[in-house]
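Chain by chain, the residues run as shown.
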Amino acid sequence: MKNKPVTHPETLVAQADHFLDPASGAIVPPLSPSTTYARTDDYQLRGKTSYLRGSGANWEQVEGLMAKLEGGPTAAVFASGMAAGTAAVMALKPGDHLIMHETIYWGFAEWLLDFCPRWGIELTSLDLSLPGALAGAMKPGKTKLVWIETPTNPIWQVLDIAELAQVAHASGARLAVDSTVATPVQTRPLELGADLVMHSATKYLNGHSDVLAGVLVPAREDDFWTKIMANRNQLGASLGTFEAWLLLRGLRTLYVRVERSSRTALFLAEAMAKHKGIERVLYPGLPTHPGHAIAKKQMQGGYGGMLSLLVKGGREEALKMVKAVKVFHRATSLGSVESLIEHRASVEGAVTKAPQNLLRLSIGLEHPDDLLADLEQALV
Ligand SMILES: *Cc1c(COP(=O)(O)O)cnc(C)c1O
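Here is what the cut-offs are and how they apply
Throughout, residues of each chain are indexed from 1 in the direction in which the sequence is written. Only residues with pLDDT of at least 70 get local features here, since the model is predicted, and only at 80 or more are side-chain atom pairs given and counted; chain-wide, interface and lining totals rely on the full set of residues. Excluded from the side-chain calculations are hydrogens and water; all other atoms, namely the structure's heavy atoms, are used. In this description a helix means any DSSP run of H or I spanning at least four residues, a strand means any run of E spanning at least two, and both kinds are numbered starting from the N terminus. For this purpose, a residue is taken to be near a molecule or strand whenever a single non-hydrogen atom of the residue falls within 4 Å of it. Between N or O atoms, a polar contact is any pair within 3.5 Å; within protein, one atom must be a potential hydrogen donor and the other a potential acceptor, and residues adjacent in sequence are included only when both atoms are from side chains. The Shrake-Rupley method, run with a 1.4 Å probe, gives the accessible areas here. Residue values count only the displayed protein chains as cover. Amino acids outside the nonpolar list (Ala, Val, Leu, Ile, Met, Phe, Trp, Tyr, Cys, Pro) and the charged list (Asp, Glu, Lys, Arg) are all regarded as polar, and Gly is one of them. Here, a salt bridge means any side-chain nitrogen of Lys or Arg that lies within 4 Å of a carboxyl oxygen of Asp or Glu. Relative accessibility thresholds used throughout: buried, under 20% of the residue-type maximum; exposed, over 50%; partly exposed, between the two (1.4 Å probe, protein chains only). A pair of strands counts as paired when DSSP detects no fewer than two bridges linking them. Contacts are residue-level and defined by heavy atoms, with any inter-residue pair within 4.5 Å sufficient. Simply put, an axis is a line fit to the C-alpha atoms, just over the touching stretch for a helix, and the angle between two N-to-C directions goes from 0 to 180 degrees.

(A) Unusual backbone geometry, seen in detail. A cis geometry characterises the amide bond from Thr-150 onward to Pro-151, with omega recorded as -10°. Residue Pro-154 follows Asn-153 across a cis peptide bond; omega there is -10°. With respect to the helices, strands and loops of the structure, Pro-154 is situated in the loop between strand E4 (143–149) and helix H6 (161–170). The phi torsion at Thr-183 lies on the positive side, around 60°, for a residue other than glycine. Note that Thr-183 resides in helix H7 (residues 183–186).

Now the structure itself:
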């Protein structure tokens, strides 16, 4: 018999890393809302925490689990996905060069475009799915960070993490991957060579549309990571205790949620691809999708719960469909138990690059037939 009984991440998450409170035997962690921790009479801390902005027991439970799921030496929770991403970029120095894939989470792209020039960071934005694009943009010695997302919102391009990591490393840069959509269930960027993984834990990790949170997992605890940790503390990007507690609770069902929503997403993508009211379905699980070959190599256990429909016609036809749904909620965000639909161009406003006939779907845990029937009745 092997002496390591827990070899599967499903077991780790279901048991919240086999949590057991040594004092009481509780298998659900207690909430520790105290912001300050008393010292002993000889001025020693009893645990790790002295003040809640820098560390807390409810954070550590999530961080320990996320480090194991992503295969990193440590992890850090943040007040939101944006707080995690901005803390990482703010670890760069004026004069550094940052390269971003042109279609990343729009709110983060907007922030980079505003912040980098003011911070003295040179920013290059380009389509890194094109062969040779990253190699051509690298400035050896100056490029410090490459920021990608895969699959990308809202057209679900799939970027080759292993290949981009190799190119970034060849010039001494780090590769950061926003893995919010893939989750550690389907992609583990650190194993593919990435240096930093970011999650909006608001999405699949928590999975219930009731927590705003972010997570970073580094490949190693170096100076860059130390600076990121200082940023979290000094910028006050700290996660609330109750949010951390809820996030751990949500994580327990991560694998079953991601598996189910991916299976239903594939079912809907295949059905919608045959529908006469749909011009095209964008989903990495379809062999016709440009990113399918990389997705097949890079993703495990499915192709995610996100897909987009290009409605036949234009903006008007897309808005007509979104108006007619009865089961899907017309709402932004993704990765939760309830299915959501949105007209991306309306949400992003004037700066949008999303096609006007695109509807983005986040598939939840409802019965697949109810979701299909809803889409079909909305298309007549
Ligand atoms: C939502 C999202 C973010 C931002 O995360 P918040 O938790 O909303 O701050 C970043 N990246 C992706 C891919 C997202 O979907």
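(B) Looking closely at the site of the ligand. Around the ligand, the surrounding shell holds 13 residues, and the nearest of these are Met-82, Asp-178, Ser-200, Thr-202 and Lys-203. Between the ligand and Ser-200, the relevant distance is 2.8 Å, taken from an oxygen atom to a side-chain nitrogen or oxygen of the residue. At 2.7 Å from an oxygen atom of the ligand is found a side-chain nitrogen or oxygen belonging to Thr-202. Here the ligand has 380 Å² of accessible area as a free molecule, and 93% of this is covered by the chains. Of all the secondary structure elements, the ones that give two or more residues to the shell around the ligand are helix H3 (81–89) and strand E6 (196–200). Grouping the constituent residues of the shell around the ligand by class yields five nonpolar, five polar and three charged.

(C) Seen up close, the pattern of salt bridges. Applying the stated criterion across every chain, the model contains 15 salt bridges. Lys-139 is the salt-bridge partner of Glu-122, the closest N and O atoms lying 2.3 Å from each other. Here Glu-122 is found in strand E3 (residues 122–126), whereas its partner Lys-139 is found in the loop between helix H5 (133–137) and E4, with 17 residues between them in sequence. Accessibility expressed as a relative area gives 29% for Glu-122, which makes it partly exposed. For Glu-191, the salt bridge identified is with Arg-188, shortest N-O distance 3.5 Å. A relative accessible area of 59% places Glu-191 in the exposed class. Here the salt bridges share partners, and the residues they tie into one network are Arg-174, Asp-195, Arg-220 and Asp-222.

(D) Quick peek at the sheet that holds strand E10 (residues 329–330). Judged by pairing direction, the sheet is mixed, and its five strands sit side by side in the order E8-E9-E12-E11-E10 without closing on themselves. Every other strand in the sheet has two partners, leaving strand E8 (278–282) and E10 as the edge strands with one partner each. As judged from the five bridges shared by strand E9 (residues 306–311) and strand E12 (residues 358–362), these two strands associate in the antiparallel manner. What sits directly across from Ser-308, in E12, is Arg-360. Against the sheet, helix H10 (residues 254–273) engages E8 and E9, with an angle of about 155° to E8.

Distances and angles like these do not, on their own, reveal function.
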